Each structure stands twice: as C-alpha cells, then as structure tokens.
Amino acid sequence: MVATAAAYDEGPIALRYPRGEGVGIDMPTSGKVLEIGRGRIIREGNKVAILSLGTRLAEALKAAEDLATYGVSTTVADARFAKPLDQDLLFRLAANHEVLITIEEGSIGGFGSFVMQTLAEEGALDGIGARSLKFRSMVLPTAFSTMTSRKNSTRARPRHERHRRQALATLGRDSDALKSMIA
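Note that this is a predicted model, so its numbers are computed, not measured. (Residues numbered from 1 in each chain as written. Predicted model: local features only at pLDDT ≥ 70, side-chain atom pairs only at ≥ 80, totals over all residues. Heavy atoms only, no water.)

**Student:** Describe in detail the packing of helix α3 (residues 87-96) against helix α4 (residues 111-121), supporting the description with residues and values.
**Tutor:** Relative to each other, α3 and α4 sit at 70°, their axes nearing to 11 Å. The pairing of α3 with α4 is recorded here as roughly perpendicular in orientation. Of the residues in α4, those in contact with Gln-87, Leu-90, Phe-91 and Ala-94 of α3 are Val-115, Thr-118 and Leu-119. Split by residue class, the contact of α3 with α4 holds 5 nonpolar, 2 polar and no charged. (Axes fitted to C-alpha atoms, helices over the stretch in contact; angles between N-to-C directions. Helix = DSSP H or I, 4+ residues; strand = E, 2+ residues; numbered from the N terminus. Parallel < 35°, antiparallel > 145°, perpendicular 65-115°, else oblique. Contact = heavy atoms within 4.5 Å. Nonpolar A, V, L, I, M, F, W, Y, C, P; charged D, E, K, R; others polar.)

Printed below as a string of structure tokens:
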C-alpha cells in the first residue's frame, strides 16, 4: 500500500495501518504498486462470502475454516480499498452467494454501510432472482475504548467464532449457531 500511495500522483491518498505486527504474509523486499480500487479473492466458496477490510482478514479465513466443518462453503475476499470500492468484486460476491458479511475495524456508518448502500442502489438487496442475498455488517461497538495494544484488546477484537455464529444464524441455522457458542 505504501508503494501504491507513493506512485499515485492524481490527488491525495490515505492509508490506514495497524499498530503492532502484521499477519498473513511475509514482508516483500520491495513493494509493488497495486491497482487502486481492486480487491482480491483469498478463498473461493459458494454459500457465504466474507468481505474483509483491514486487519480482520486472518479472522475471516479462520471463520471460513470453522464454517467448513459445518458444511458451509465460504469465500473470503480482501477488499483492500474502502474507496473506491471494487464494485465488480462486490457484485460477483452478491450474485454468487446466499450470505454476504462485511468485517471491518470501523463502527456503524463505515465500510459495511458503504457496501450496503452500493448493493441497495443496484437492486442487489431486492430479493429478485434465483438467490435472495442476506447481508450483515460486523463492526466494532460504538463505545469509548482506551488505548491498548491490539494483542491485549478484547473489546475491540471481534473473534472468528463470532463471524462463524453470524454466518450460521444468517443462513437460518440457529441451532448450529447456538451449538458453536458452546464448542
């Protein structure tokens, strides 16, 4: 993202980075410029799609592994950019999955709201066609939080178990969602 920001000359650009250590990939020896506004599919499935923005990608992948034990095929996508939103990726996820869940480190009114507005404007939430998309947005609680390390933060750290329960409940599998709370 730093290489992408440094190469961009058409106006201002902002990027967010987490405190602490990154998770998921080794640091490259040199950065490469990414196509602005393009996300990527990390894991392919066909029932539930999890669209992650920011540092929750590892949790999204773990939730997909957990959902597989319940027989739920899950796609995990990394949005990479909040704006511009990768609409091709978004509409592909909406068209090919029963459930779409966004996961972010923001609060209500952030990335998930932007995704929902985009889907609504294009009629993807109208329940027309072979699939009727169910959409959920998982955000951080709107509450004062003291500064602490990411590792020590329990309030601001939704866990993959919560993502799994949300997906199962949204699919109408309440008994599995309840069982997964005990497991």
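**Student:** Lay out the packing of helix α2 (residues 57-68) against helix α5 (residues 160-170) with the relevant residues and their values.
**Tutor:** Contact geometry for α2 and α5: axes closest at 8 Å, N-to-C directions at 50°. One element, α2, and the other, α5, form an angle in the oblique class. Crossing angle aside, the handedness with which α2 passes α5 is right-handed. Taken together, the residues of α5 that come into contact with α2 (itself represented by Glu-59, Lys-62, Ala-63, Asp-66 and Leu-67) are His-160, His-163, Arg-164, Ala-167 and Leu-168. When its residues are assigned to classes, the contact of α2 with α5 shows 4 nonpolar, 2 polar and 4 charged. (Left-handed = near helix turned anticlockwise from the far one by under 90°.)

**Student:** An account of the pairing of strand β3 (residues 74-78) is requested, with residue identities and associated values reported.
**Tutor:** Within a regular beta strand, the side chains point alternately toward one face of the sheet and then the other, so they alternate between its two faces. Of all 5 residues that make up β3, 5 are buried, and the element is covered over most of its length. Alternating positions in β3 separate into two faces, Thr-74, Val-76 and Asp-78 on one and Thr-75 and Ala-77 on the other, with burial throughout. Bridge analysis of strand β2 (residues 48-52) against β3 gives 5 bridges, and the strand direction is parallel. Looking at β3, one finds that Ser-52 is bridged to Asp-78. In this region the chain leaves β2, passes through α2 and returns to the parallel neighbour β3; the handedness of that crossover is right-handed. (Buried < 20%, exposed > 50% of the residue type's maximum accessible area, 1.4 Å probe, protein only. Pairing = 2+ DSSP bridges. Right-handed = clockwise from strand over helix to strand, strands pointing away.)

**Student:** Outline the nonpolar core, supporting the account with residue identities and numerical values.
**Tutor:** One recurring pattern in soluble globular proteins is that nonpolar side chains are buried together. Val-48, Ile-50, Val-72, Ile-101 and Ile-103 are the most contacted members of the largest nonpolar core, which has 17 residues in total. When residues of this core are traced back to their parent elements, those giving at least two are β2, α2, β4 (99-103) and α5. Per element, the largest residue contribution to this core is 5 residues, and it comes from α2. Other than its neighbours up to four places away in sequence, Ile-101 contacts Val-48, Ala-49, Ile-50, Leu-51, Arg-136, Met-138, His-163, Gln-166 and Ala-167. By size, the runner-up hydrophobic cluster in this structure holds 16 residues, among which are Ala-49, Leu-53, Leu-85 and Leu-100. (Core = buried A, V, L, I, M, F, W, Y, C linked by side-chain atoms within 4.5 Å.)

**Student:** With reference to specific residues and values, describe the pattern of salt bridges.
**Tutor:** Tallied over the full model, the rule gives 11 salt bridges. Of the charged contacts in the structure, one is a salt bridge between Arg-38 and Glu-35, with a shortest N-O distance of 3.5 Å. Salt bridges sharing common partners tie together Glu-35, Arg-38, Asp-86 and Asp-88. (Salt bridge = Lys/Arg side-chain N within 4 Å of Asp/Glu carboxyl O.)

**Student:** Tell me about the side chain of Asp-66, and please be specific about residues and values.
**Tutor:** You can see Asp-66 is positioned in helix α2. Of the polar contacts made by the side chain of Asp-66, one reaches the side chain of Arg-164; its length is 2.9 Å. Apart from the residues lying within four places of it in its own chain, the contact partners of Asp-66 are His-160 and Arg-164. (Polar contact = N/O pair within 3.5 Å; in protein donor to acceptor, adjacent residues only side chain to side chain.)

**Student:** Which residues make up the confidence of the model for the protein chain, and what are the values?
**Tutor:** Scored by pLDDT, the protein chain has a mean of 83; 81% of the residues are at 70 or more. Of all secondary-structure elements in the protein chain, the lowest mean pLDDT belongs to helix α6 (residues 174-182), at 68, while β3 reaches the highest, 97. Scored below 50 in pLDDT, residues 154-158 shows 14 contacts in the model against residues more than four places distant or in partner chains. (pLDDT = per-residue confidence, 0-100.)

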